[in-house]
Amino acid sequence: MSIDTIPTVNPTGPASATEGTPDRTLTSLDVLESEAIHIIREVAAEFEKPVLLFSGGKDSVTVLHLAAKAFWPAKIPFGLLHVDTGHNFPEIIRFRDETAARFGLDLTVAKVQDYIDDGRLRERPDGTRNTLQTQPLIDAIADGGFDAVFGGARRDEDKARAKERILSLRDEFGGWNPSSQRPELWNLYNGRHLPGEHVRVFPISNFTELDVWNYIAREGIALPQLYFAHDREVFSRDGMWWATGEFSTPREDETVTRRTVRYRTVGDMSCTGAVESDADDLESILAEVAATTVTERGATRADDRISAAAMEDRKKDGYF
Amino acid sequence: MTTTPTTPAPNPASASQSATQPKTLLRFATAGSVDDGKSTLVGRLLHDAKAILADQLAAVTATSRERGFLGGEFDFALLTDGLRAEREQGITIDVAYRYFATDRRSFILADCPGHVQYTRNMVTGASTADAVVVLIDARTGATEQTRRHLTVVSRLGIRYVIIAINKIDLLDFDRQTIEAVEDEVRTLAAEIGLEVPHLIPISALAGDNIATTSANTLWYEGPALLELLETLPSTEADTADREPFRLDVQTVLRPQGGLAPGLDAEEFRDYRAVAGQITAGQVRLGDEVEIHPAGIRTTVTGIDTADGPLDSASAPLSVSLRLADEIDTARGSVIAAAGTLPPPRRDLRAEVFPFTAEGLRTGQRVLVKTGTTTVKGIVTITSRRNLETSTLEDAEELAGNDIGLAQVRLSAALPIPDFRVHGPAGAFVVIDLQTGNTLAAGIHTPEENS
């Protein structure tokens, strides 16, 4: 799978949208896509300055694709925002820049490294920068004057996310208050907020991991190579395969080997592990995901293994 | 509620294949309290559909052990209670959404807690549901809470109400006792004015009549719960042929200001389309439509999507429509099959469901959001529904979690249909003018409330 440089939204098109097809039975993906497009259009219409949080991961790539479909043939009427931890895979940074250029969108990058360099943030003893993203994210939202921030979070990812609204109100500190969420009824989204507050928007809340992969395959959406099986120098730690690199160096007792691996989620090199896999195309990834017995975050994310409430606590703090 | 888990085996090759096949979607909600075994039912459905993965099961089993569940027993509620406060207090606070699929269908389950703020949670969960499963403990039969739950689903016009009579294993599957409970439930449903719903005797704990019909209830001739859920038509699929076409305009797409990269500027020089999600019915090329508020008729000359033009499209697809005439259309405009648009009105006659502690009172000034329009409104409460007796009583204000009737005077006339007849286009939310909080849900029911 190479990075697609042709800016058409969907060269093949879903079966249900084929011209003249009499069969109106809508599939689950048709309905989920329509729901996401409706949400994106609502937010673009009702907010002053939305932005799309874009990490280059499959979920934010999916949201971007849906945004392009929502406004076709017009350009997406908002830009992209990325919080660069400084521990990203170089492939992801390249993919991010190429994608922004391909869609002709402004890209704002907030760098955790800047905060560490000038002392606003300190490196954690465990070396992970995942939780350090929150401050630069909140600052970038305030500095950019963004009142709506699209994200690719899904409710099937985590128990706390299963409880979060599609439009999730955040206070001036970016915090989520799970006990006072607005009820969300029918398709009537209430994005009203006070000055200083903003709203996080999750258009693919109702997609599952498998839905996202099925949708990517159906739509032919370009993804970073990391998701596909490739040879890489890795070492084993805590039951995960870690890439050797500047931000994840093996200890003396850890042996580096060359393995065929792929990533199920794309996060920092310092907290995202790979799985051994031969799945080098979408079809084989789909088969692998469908047969899996472990959640994507449980499999490969050290940041989610901390406690049952790891995600809830980070969200209350302003995290996605 | 405990049970002994069996580790879900990796899906066989055939199941993996089916996982990637296109499926239809059904959204349903579950209502009932922990005492009725609702968490157990949700856990059971996820488990039997193999939607609980090994690491989730391991985490829940470990926590169950910490909590004193011995011998590998398993607290299903831990799977669904996602918030720290819920786990600490051992209660479910908020609606949670769960996802699972069988070979035939994908499901979105809105898990509505029964104890705290039950009306708010039920109305929220049920608002997007094609079906609602109401749980009853077979040993206690229909309770006050059952009456409340059935009243809410009845008022909300849920198309498919399934009553699951749970814990029949504790009655030794005794047909006579279970059928007595069924009769009681039918009588209650009739009193509330609810059509006789589907009644299924189940044991969520033991799995009877969940995925397949049980050998313990050979006298029961209906389908198992999952079998029924797999075959119910979704609301949109079921009504697309009957309901008149309606689309609430979200935005107007005019790429002159900025064309998507790679498209031919010449080809789209005069392009203009109104974008929205089809609320009801279906639209075909060449259909005559009428437009609110312009009050003008025109013809549909294009049904566009990013994947290419369509000959027809039905709810709930998101599309863009090109129209034959240059008519003033903007966000909040409504496009409907000619001759079917309800006369615009400035007074809603509504059933309202206040959610917050402040409730809703006569004279209150609010915002009303319906479709893609938000207008100002003034509320007049006329009555409260007594949920113990299912009767209406005069009232001038409603407390949080009450249900009642109200008139809402709007600052602009809107073509809002009768919710009972036409569904979600007749629904609205009430928003606080100052804080922006969602105060209440409402449905326009002019026939029952004039």
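From a predicted model like this one, the values you see are computed outputs, not experimental measurements.

Rules behind the numbers
Residues numbered from 1 in each chain as written. Chains lettered and ligands numbered in written order. Predicted model: local features only at pLDDT ≥ 70, side-chain atom pairs only at ≥ 80, totals over all residues. Heavy atoms only, no water. Helix = DSSP H or I, 4+ residues; strand = E, 2+ residues; numbered from the N terminus. Buried < 20%, exposed > 50% of the residue type's maximum accessible area, 1.4 Å probe, protein only. Contact = heavy atoms within 4.5 Å. Areas by Shrake-Rupley, 256 points an atom, 1.4 Å probe, with all protein chains shown as cover. Pairing = 2+ DSSP bridges. Axes fitted to C-alpha atoms, helices over the stretch in contact; angles between N-to-C directions. Parallel < 35°, antiparallel > 145°, perpendicular 65-115°, else oblique. Nonpolar A, V, L, I, M, F, W, Y, C, P; charged D, E, K, R; others polar. Polar contact = N/O pair within 3.5 Å; in protein donor to acceptor, adjacent residues only side chain to side chain. Expected span 1.5 Å × (residues − 1). Salt bridge = Lys/Arg side-chain N within 4 Å of Asp/Glu carboxyl O. Left-handed = near helix turned anticlockwise from the far one by under 90°. Right-handed = clockwise from strand over helix to strand, strands pointing away. pLDDT = per-residue confidence, 0-100. Phe/Tyr/Trp six-rings, centres within 6.5 Å; stacked < 30°, edge-to-face > 60°. Lys NZ or Arg CZ within 6 Å of the ring centre and 35° of its normal.

## Points about the overall build of chain A
1) Next: When helices and strands are counted, chain A shows nine helices and ten strands.
2) Next: When each of the 320 residues of chain A is scored for burial, the buried share is 62%.
3) Next: The contacts in chain A between residues at least 6 apart in sequence include a share of 73% that link residues at least 24 apart.
4) Next: Carbon together with sulfur atoms contributes 48% to the accessible area of chain A, which is approximately 11,900 Å² in total.

## Focus on the overall build of chain B
1) Next: For chain B, the count of helices and strands is eleven helices and 27 strands.
2) Next: Here chain B holds 450 residues, and the buried ones make up 58% of them.
3) Next: Contacts spanning at least 24 positions in sequence make up 71% of the contacts within chain B whose residues lie at least 6 apart.

## Some details on the sheet that holds strand β2 (residues 79-84) of chain A
Through backbone hydrogen bonds, the strands of a sheet pair up, either in parallel or in antiparallel fashion.
All names here are of chain A.
1) Next: Taken in spatial order, the six strands of this open sheet run β3-β2-β1-β4-β6-β5, and their pairing is mixed. For this open sheet the edge positions go to β3 (107-111) and β5 (167-170), each flanked by a neighbour on one side alone. Going from strand to strand, the sheet's axes swing by 30° on average, the running direction of each strand aside.
2) Next: By the bridge criterion, three bridges tie strand β1 (residues 50-53) to strand β4 (residues 148-150) in an arrangement that is parallel. Across the sheet, the residue bridging to Val51 is Val149, located in β4.
3) Next: Against the sheet, helix α3 (residues 90-103) makes contact with β2 and β3, and its axis sits at roughly 170° relative to β2, the strand it touches most.

## Describing the sheet that holds strand β4 (residues 96-101) of chain B
Residue and element names in this part refer to chain B.
1) Next: Read across the open sheet, the six strands follow the order β4-β5-β2-β6-β7-β8; overall the sheet is mixed. In this open sheet, the two edge strands, each paired with only one partner strand, are β4 and β8 (198-201). Within this sheet the neighbouring strands show an average axis-to-axis angle of 25°, counted without direction.
2) Next: Direction of pairing for strand β7 (residues 160-166) relative to β8: parallel, over a ladder of four bridges. Residue Ile162 lies in a different strand from β8, and its bridge partner there is His198.

## Points about the packing of helix α1 (residues 28-46) of chain A against helix α2 (residues 58-71) of chain A
All names here are of chain A.
1) Next: Running from N to C, α1 and α2 cross one another at 75°; their axes reach a closest spacing of 9 Å. By the criterion of interaxial angle, the relationship of α1 to α2 is roughly perpendicular. Residue-level inspection shows Glu33, Ala36, Ile37, Ile40, Arg41 and Ala44 of α1 in contact with α2, the latter providing Val63, Leu66, Ala67, Lys69, Ala70 and Phe71.
2) Next: For the contact of α1 with α2, the per-class residue count stands at nine nonpolar, no polar and three charged.

## Concerning the environment of Asp137(B)
All names here are of chain B.
1) Next: Within the element layout of this structure, Asp137 appears in strand β6 (residues 131-137).
2) Next: Note on Asp137: relative accessible area 6%, which makes it buried.
3) Next: A sequence separation of 30 residues divides Asp137 from Lys167, and the C-alpha atoms of the two residues are 6.1 Å apart.
4) Next: Every residue in contact with Asp137, bar those within four places of it in the chain, is listed here: Asp35, Asp36, Asn166 and Lys167.
5) Next: Of the polar contacts made by the side chain of Asp137, one reaches the backbone nitrogen of Arg139; its length is 2.9 Å.

## Focus: the pairing of strand β14 (residues 296-305) of chain B
Residues and elements named next belong to chain B.
1) Next: Bridge count for strand β13 (residues 288-292) against β14 is four bridges, and the pairing is antiparallel. Looking at the pairing, Val289 lines up with Thr298 of β14.
2) Next: Counted along the chain from β13 to the antiparallel partner β14, the turn is three residues long, and its residue Gly295 has a positive phi close to 70°.
3) Next: Where β14 and strand β17 (residues 318-323) come together, four bridges link them in antiparallel fashion.

## Some points on α1(A)
1) Next: Taking 1.5 Å per residue, 19 residues should reach 27 Å; α1(A) reaches 27 Å between its end C-alpha atoms and fits that length.
2) Next: Counting buried residues in α1(A) gives 16 out of 19 residues, a clear majority hidden from the surface.

## A few points about unusual backbone geometry
All names here are of chain B.
1) Next: A cis amide bond links His292 to the next residue, Pro293, at an omega of 5°.
2) Next: The residue Pro293 is located in the loop between β13 and β14 in this model.
3) Next: Look at the link from Ala315 to Pro316: it is a cis peptide, with omega at 5°.
4) Next: The phi dihedral of Asp172 falls on the positive side, at around 55°, and the residue is not glycine.

## Here's the deal with the pattern of salt bridges
Residue and element names in this part refer to chain A.
1) Next: Scanning all chains against the criterion turns up 44 salt bridges over all chains.
2) Next: For Arg218, the salt bridge identified is with Asp30, shortest N-O distance 2.7 Å. One end of the pair, Arg218, is in helix α6 (residues 209-219); the other, Asp30, is in helix α1, and 188 residues separate them in sequence. Accessibility assignment for this pair places Arg218 and Asp30 in one class, buried.

## What about the environment of Ile216(A)?
1) Next: In this fold, Ile216(A) is placed in helix α6.
2) Next: Measuring from C-alpha to C-alpha, the distance between Ile216(A) and His65(A) comes to 9.3 Å, with 151 residues separating the pair along the chain.

## Let's talk about the packing of α2(A) against α6(A)
Residues and elements named next belong to chain A.
1) Next: Where α2 meets α6, the axes come as close as 11 Å, and the angle between the chain directions of the two elements is 50°. The orientation of α2 with respect to α6, classified from their angle, is oblique. Regarding α2 and α6, the two cross each other, and that crossing is left-handed. Residue-level contacts link Lys58, Asp59, Thr62, His65, Leu66 and Lys69 of α2 to Glu209, Val212, Trp213, Tyr215, Ile216 and Glu219 of α6.
2) Next: For the contact of α2 with α6, the class distribution of residues is five nonpolar, two polar and five charged.

## Thoughts on the pairing of β6(B)
Each regular strand shows side chains that alternate between the opposite faces of the sheet.
Residues and elements named next belong to chain B.
1) Next: Among the seven residues that make up β6, seven are buried, leaving the element largely enclosed by the rest of the structure.
2) Next: Residue alternation in β6 divides its side chains into two sets, Ala131, Val133, Leu135 and Asp137 and Val132, Val134 and Ile136, and both sets are buried.
3) Next: For strand β2 (residues 24-31) and β6, the ladder comprises four bridges, and the chain directions are parallel. Paired with Ala29 across the two strands is Val132, which belongs to β6.
4) Next: Between the parallel pair β6 and β7, the chain is carried across by helix α7 (residues 144-155), and the sense of this crossover is right-handed.

## Regarding the confidence of the model for chain B
1) Next: In this model, chain B carries an average pLDDT of 87, and 87% of its residues clear a pLDDT of 70 or more.
2) Next: Per-residue pLDDT stays below 50 along residues 1-15 of chain B; that stretch engages in 34 contacts with residues further than four places along the chain or on separate chains.

## Let's talk about the confidence of the model for chain A
1) Next: Across chain A, the average pLDDT comes to 84, with 84% of residues at 70 or higher.
2) Next: When the criterion is pLDDT under 50, residues 1-22 of chain A qualifies, and its contacts beyond four places in sequence or with other chains add up to 44 contacts.

## Focus on the packing of aromatic side chains
1) Next: For the coordinates displayed, the defined rule picks out twelve aromatic pairs over all chains.
2) Next: With a centroid separation of 6.0 Å and an interplanar angle of 70°, the aromatic rings of Trp186(A) and Phe419(B) are classed as edge-to-face. Separated into two different chains, Trp186(A) in the loop between β5 and β6 (198-201) and Phe419(B) in helix α11 (residues 419-422) make up a pair that spans both.
3) Next: Where Phe207(A) meets Tyr215(A), the ring centres are 5.8 Å apart and the plane angle is 80°; that geometry is what we call edge-to-face. When sorted by exposure, Phe207(A) lands in the same class as Tyr215(A), which is buried.
4) Next: Three or more aromatic residues joined by ring pairs make a cluster, and in this case those are Phe71(A), Phe78(A) and Phe150(A).
5) Next: The ring of Tyr115(A) carries the charged tip of Arg120(A) above its face, separated from the ring centre by 3.7 Å.

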